[in-house]
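One letter stands for each residue in the lines below.
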Number of protein chains: 2
Amino acid sequence: MAAQSVVSTSAHTTSASTSADTSHPVDLGPAAALSCRECGHRVPLGPVFACQECFGPLEIAYDFSAYEPEELRRTIESGPANIWRYAPLLPVPADVATKPNLNPGWTKLVKADHLARELGVTGGLYVKDDSGNPTHSFKDRVVAQALEAARAFGFTTLSCSSTGNLAGAVGAAAARAGLRSCVFIPHDLEQGKVVMAAIYGGDLVGIEGTYDDVNRFCSELIGDPAGEGWGFVNVNLRPYYAEGSKTLAYEIAEQLGWRLPDQIVVPVASGSQLTKIDKGLRELIELGLVEDRPYRIFGAQAEGCSPVSVAFKAGHDVVRPQKPDTIAKSLAIGNPADGPYVLDIARCTGGAVEDVTDTQIVDAIRLLARTEGIFAETAGGVTVGVTRKLIDSGALDPTKTTVVLNTGDGLKTLDAVAGTGATATIRPNLDSFKASGLV
Amino acid sequence: MAAQSVVSTSAHTTSASTSADTSHPVDLGPAAALSCRECGHRVPLGPVFACQECFGPLEIAYDFSAYEPEELRRTIESGPANIWRYAPLLPVPADVATKPNLNPGWTKLVKADHLARELGVTGGLYVKDDSGNPTHSFKDRVVAQALEAARAFGFTTLSCSSTGNLAGAVGAAAARAGLRSCVFIPHDLEQGKVVMAAIYGGDLVGIEGTYDDVNRFCSELIGDPAGEGWGFVNVNLRPYYAEGSKTLAYEIAEQLGWRLPDQIVVPVASGSQLTKIDKGLRELIELGLVEDRPYRIFGAQAEGCSPVSVAFKAGHDVVRPQKPDTIAKSLAIGNPADGPYVLDIARCTGGAVEDVTDTQIVDAIRLLARTEGIFAETAGGVTVGVTRKLIDSGALDPTKTTVVLNTGDGLKTLDAVAGTGATATIRPNLDSFKASGLV
């Protein structure tokens, strides 16, 4: 399917811009411009992330005006079994599927009947299992969008600051695309995460400092000639990157038979994923691909990093930063950029934001594994644990169709469940087995 | 699509049989009987694995006589994006996709152009990447077949002997299906593998002994009343289990556009996977789904466990057992049951069996990650390393279409590449970065 809107602009803006080869026209499909989420000011597509007028976050504005629902649905359904079936709704060129990339997405939506029985859900419970992505987390979805933006803007190095999952996703995507990668991490990460970040052969730089120090360094590098030609997926390419989370909404609705879920439970780190899932669901309504009916979005955090949950419960509009201390490290962002938007969406849709303790996270990981055979990383323990808590408190209606996100793989956070071991140890004979009490 | 052949037999045989509830008719779709690979003796479908006449291995005989190629192809193409699209060709009931299971398969066939350039392959190089399965190894394919057989025979406990990957696959499949699982492992496995085996909540029994001791114990248990109602996926359900590997052949051919690859490189542990891929390719020819043209099958082993490779090079028909000593632990079967069949297939198709050192395995893991963004477990390093060696020796023709299997995930064998680390460590400032030599 051809993109409906080809925007030919160059990317030169003066504020919060970064250097790249923008001498060729930018084709990012239906993406028409960047628009400030706060003041609505529009600028041409480019590697910029903050509004020149008010410093608000920029996001993609689309031109979907030429789409007709039935034709669009047919186009999507005949597309590939990955996120590119939704290329007409993403900031990517129409031929994106022909370029070397990891082709993430179209992960399983698992009907979780055993888990539903344990939790008392009667209206249909589903787990959207993003551990099936190429590097086993939802990060592949967002990095894939950033990669296309990097190509469009002529960047030759893909980069990011990361505490682990993102580093692997960027390294793998760059390797597959034939780009250089240079990824920045705190120098004292766990060995497993360092291996995952380094194995793809790009440059991996350990920084003597905290994740905040790494972030500050990356912002400095973007403004320096040394960062010329570098696309930082979660900084100067962030408006494109973030749109990848919309594909979770699209897939859930399509996998439910082009129907919105009544309730959806989403982990909250920066809050970007939750806001983009909401954006995706609204787009589906506006495009006429699903019936317009109410849905409720719930945010899930770990108690040890719960700035949005605390603000929600206190009735605040602003989020007070926290110093994270939780096993759910992939959600451990103490000062979440999109926190206020999460509060707004949870309140407007009739949802909530809730948190669970580390013990409850581990219990929920085990519960999901035992009932559905899905081994989730800690973030999945957070969403399942919060779902249970929300049902118990009555905030989540067990008679409604509910989707819970698992955004990562248990193999990446083995330490969280390290105590898990054998039921029994026996000698290699029947007598010893029979004495074990297992038969 | 309805199964073409419904066989109604009970499973009682006297030799190598195990107890189960066989009072109901057995519906395993097109599976018509069990047939001895050595003497051709046929017995009804049941939980048996060795021929009563000659003790040869039993395998599934099918009734595909009613199939018409174009209709069958349409049925497959309109099926689900998992192995059940091939249900008409597997020993499973026609409604298998409606039962709770992990829905493995339909993993990516990655066109590996960067790797092809490094290896000098000009005829098209593909990696069939089975790390995308639910528990991240090809074992999910085979366990899914064993699960349906267990259901058909009325088994209530799913079991196996394992050194790791299989234990997790069985635990997850049983959890999802709502069956009990009880899995046997050597008591001194690495902690990560123990966690993966235990997390799904089934019983996990550590046995004080080697993997051979574990195997012997399981054979003892099958003959004992304590094992009544137990389906051991890789023992009494092995004929069904093994058929799962055929789906690799089906998927590769369909993903190539219903075309056979010229050459395919397959890891060899017991040898079962290679023989079933050959069986699958032959079925596609016989069913008229692909053009009948020659293909060559190559086996890949680690030098530290290379009994089949050694026999191939020596021109022997029998395989002399070895004591394994290699980092490729998922391939470390020193006395491979299907070794002679592997030799036969490699020789008949014009292929070969080759091995690589542990160092070459690690180099190949890095090569695949760097060129294609795929992080393979050691078995994937074996196939990629052997592919390189076979090209260098002239045994594999670089001008032909070649498919290399990656059967597992690098996250499961992190120790093999534990030395991988940061390119540089810097202070969080630009001067320190510029001094690192990376810009």
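Residues numbered from 1 in each chain as written. Chains lettered and ligands numbered in written order. Predicted model: local features only at pLDDT ≥ 70, side-chain atom pairs only at ≥ 80, totals over all residues. Heavy atoms only, no water.

Per an unreviewed UniProt entry, chain A goes by Threonine synthase and derives from Streptomyces macrolidinus. Per its UniProt entry, chain A bears the Cofactor (unreviewed entry) comment "pyridoxal 5'-phosphate". Database annotation for chain A, UniProt heading Sequence similarities (unreviewed entry): "Belongs to the threonine synthase family." (UniProt positions renumbered as here; feature names shortened; annotations may be inferred.)

Once that is clear, we can look at the nonpolar core. The nonpolar side chains of a soluble globular protein tend to be buried with one another. Grouped together as the largest cluster of nonpolar side chains are 266 residues, with contacts concentrated most on L115(A), V382(A), L115(B) and V382(B). In contact with V382(A), not counting residues within four places along its chain, are A300(A), Q301(A), A302(A), A328(A), L331(A), V356(A) and I361(A). (Core = buried A, V, L, I, M, F, W, Y, C linked by side-chain atoms within 4.5 Å. Buried < 20%, exposed > 50% of the residue type's maximum accessible area, 1.4 Å probe, protein only. Contact = heavy atoms within 4.5 Å.)

Read across the sheet, 5 strands follow the order β9(A)-β6(A)-β7(A)-β8(A)-β14(B) without closing on themselves; strand pairing throughout is parallel. Two strands bound the open sheet, and with one partner strand each, they are β9 (230–232) of chain A together with β14 (424–426) of chain B. Strand after strand, the sheet turns through a mean of 25° between neighbouring axes, direction not considered. Summarising the sheet, strand β7 (residues 180–186) of chain A and strand β8 (residues 203–207) of chain A pair through 5 bridges and their orientation is parallel. Looking across to β8(A), one finds that V183(A) is bridged to L204(A). (Pairing = 2+ DSSP bridges. Helix = DSSP H or I, 4+ residues; strand = E, 2+ residues; numbered from the N terminus. Axes fitted to C-alpha atoms, helices over the stretch in contact; angles between N-to-C directions.)

Moving on, we get to the sheet that holds strand β10 (residues 263–267) of chain A. Residue and element names in this part refer to chain A. Spatial strand order, β4-β5-β13-β10-β11-β12: 6 strands in an open sheet with mixed pairing. On the outer flanks of this sheet lie β4 (109–111) and β12 (353–356), each paired with one strand and no other. Taken pair by pair, the neighbouring strands of this sheet meet at an average axis angle of 25°, ignoring direction. When strand β5 (residues 125–129) meets strand β13 (residues 402–406), the two strands line up parallel, connected through 5 bridges. If you follow V127 over to β13, its bridge partner there is V404.

All names here are of chain A. One can read the domain layout of chain A as domain 1 (109–136 + 245–417) and domain 2 (139–241). Using only C-alpha atoms to locate each centre, domain 1 and domain 2 end up separated by 26 Å. Taken residue by residue, the interface counts 16 residues in domain 1 and 12 residues in domain 2. Counting the surface lost from both domain 1 and domain 2, the interface buries some 1100 Å², and carbon and sulfur atoms represent 40% of this. (Domains from an automatic or database assignment. Buried area = accessible area lost by both parts, 1.4 Å probe.)

A few words on the interface of chain B and chain A. Each partner contributes to the interface: chain B provides 71 residues, whereas chain A provides 71 residues. Between chain B and chain A the total buried area reaches about 5700 Å² when both faces are included, carbon and sulfur atoms providing 64% of it. Applying the counting criterion to the chain B and chain A interface returns 6 salt bridges. The salt bridge partner of K434(B) is D224(A), with a shortest N-O separation of 3.1 Å. Scanning the region where chain B abuts chain A turns up 24 residue pairs in polar contact (both at pLDDT 80 or more). Classifying every residue of the side of chain B that touches chain A gives 38 nonpolar, 17 polar and 16 charged. Summarising the sheet, strand β14 (residues 424–426) of chain A and strand β8 (residues 203–207) of chain B pair through 3 bridges and their orientation is parallel. (Salt bridge = Lys/Arg side-chain N within 4 Å of Asp/Glu carboxyl O. Polar contact = N/O pair within 3.5 Å; in protein donor to acceptor, adjacent residues only side chain to side chain. Nonpolar A, V, L, I, M, F, W, Y, C, P; charged D, E, K, R; others polar.)

With that out of the way, let us pick up the pattern of salt bridges. Scanning all chains against the criterion turns up 56 salt bridges over all chains. The salt bridge involving R427(B) is made with E208(A); its shortest N-O contact spans 3.8 Å. Separated into two different chains, R427(B) in the loop between β14 and α14 (430–434) and E208(A) in the loop between β8 and α6 (211–222) make up a pair that spans both. The exposure class of R427(B) is partly exposed, given its relative accessible area of 47%. Looking at E208(A), the relative accessible area reads 34%, which means it is partly exposed.

As a further point, take the packing of aromatic side chains. Counting across every chain of the model gives 26 aromatic pairs over all chains. With a centroid separation of 5.4 Å and an interplanar angle of 70°, the aromatic rings of F184(A) and F433(B) are classed as edge-to-face. Taken together, the positions of F184(A) in strand β7 and F433(B) in helix α14 put the pair across two chains. Pair check on accessibility: F184(A) and F433(B) agree, each one buried. Seen in terms of ring centroids, Y62(B) and F64(B) are 4.8 Å apart; in terms of plane orientation they differ by 20°. Their pairing is stacked. Counting every residue linked through ring pairs, the aromatic cluster contains F184(A), F217(A), W230(A), F232(A) and F433(B). For the cation-ring pair, R85(A) lies above Y86(A), with the distance from its terminal atom to the ring centre recorded as 6.0 Å. Above the face of the Y341(B) ring, R37(B) is positioned so that its terminal group lies 3.9 Å from the ring centre. (Phe/Tyr/Trp six-rings, centres within 6.5 Å; stacked < 30°, edge-to-face > 60°. Lys NZ or Arg CZ within 6 Å of the ring centre and 35° of its normal.)

This paragraph deals with the environment of V170(B). Residues and elements named next belong to chain B. Its location among the elements puts V170 in helix α4 (residues 165–177). Judged by relative accessible area, which is 0%, V170 ranks as buried. Distance in space between the C-alpha atoms of V170 and L158 is 7.0 Å, their sequence separation being 12 residues. Beyond its immediate sequence surroundings of up to four residues, V170 is in contact with V143, L158, S159, C160, S181, V183 and V233.

Once that is clear, we can look at the relation of the copies chain B and chain A. Once chain B is rotated about the relating axis by 180° and shifted along it by 0.0 Å, it coincides with chain A to within an RMSD of 0.0 Å. Taken together, the rotation and translation describe the operation of a two-fold axis. Residues of chain B ranked by C-alpha distance from the rotation axis are headed by G132(B), positioned 3.0 Å from it. Looking at chain B, 100% of its interface residues are interface residues in chain A too, so the copies touch through the same face. (Least-squares fit on C-alpha atoms with pLDDT ≥ 70 in both.)

Moving on to helix α4 (residues 165–177) of chain A. Residues and elements named next belong to chain A. The end-to-end C-alpha distance of α4 is 18 Å, a good match for the 18 Å that 13 residues give at a rise of 1.5 Å each. Counting buried residues along α4, 13 of its 13 residues qualify, which places the element largely inside the surrounding structure. Just downstream of α4 lies G178, where phi reads positive at about 80°. (Expected span 1.5 Å × (residues − 1).)

A few words on the UniProt feature "domain: Tryptophan synthase beta chain-like PALP" (unreviewed entry) in chain A. Sites flagged by UniProt as "domain: Tryptophan synthase beta chain-like PALP" (unreviewed entry) map to residues 104–408 of chain A. The span residues 104–408 of chain A carries 44% helix and 16% strand; its end-to-end C-alpha distance comes to 13 Å.

Turning to the pairing of strand β7 (residues 180–186) of chain B, a few remarks are in order. Residues and elements named next belong to chain B. The element β7 is largely enclosed, with a buried count of 6 among its 7 residues. Where strand β6 (residues 157–161) and β7 come together, 5 bridges link them in parallel fashion. Within the sheet, the bridge partner assigned to L158 lies in β7 and is S181. With respect to chirality, the unit in which β6 leads through α4 into the neighbouring parallel β7 is right-handed. (Right-handed = clockwise from strand over helix to strand, strands pointing away.)

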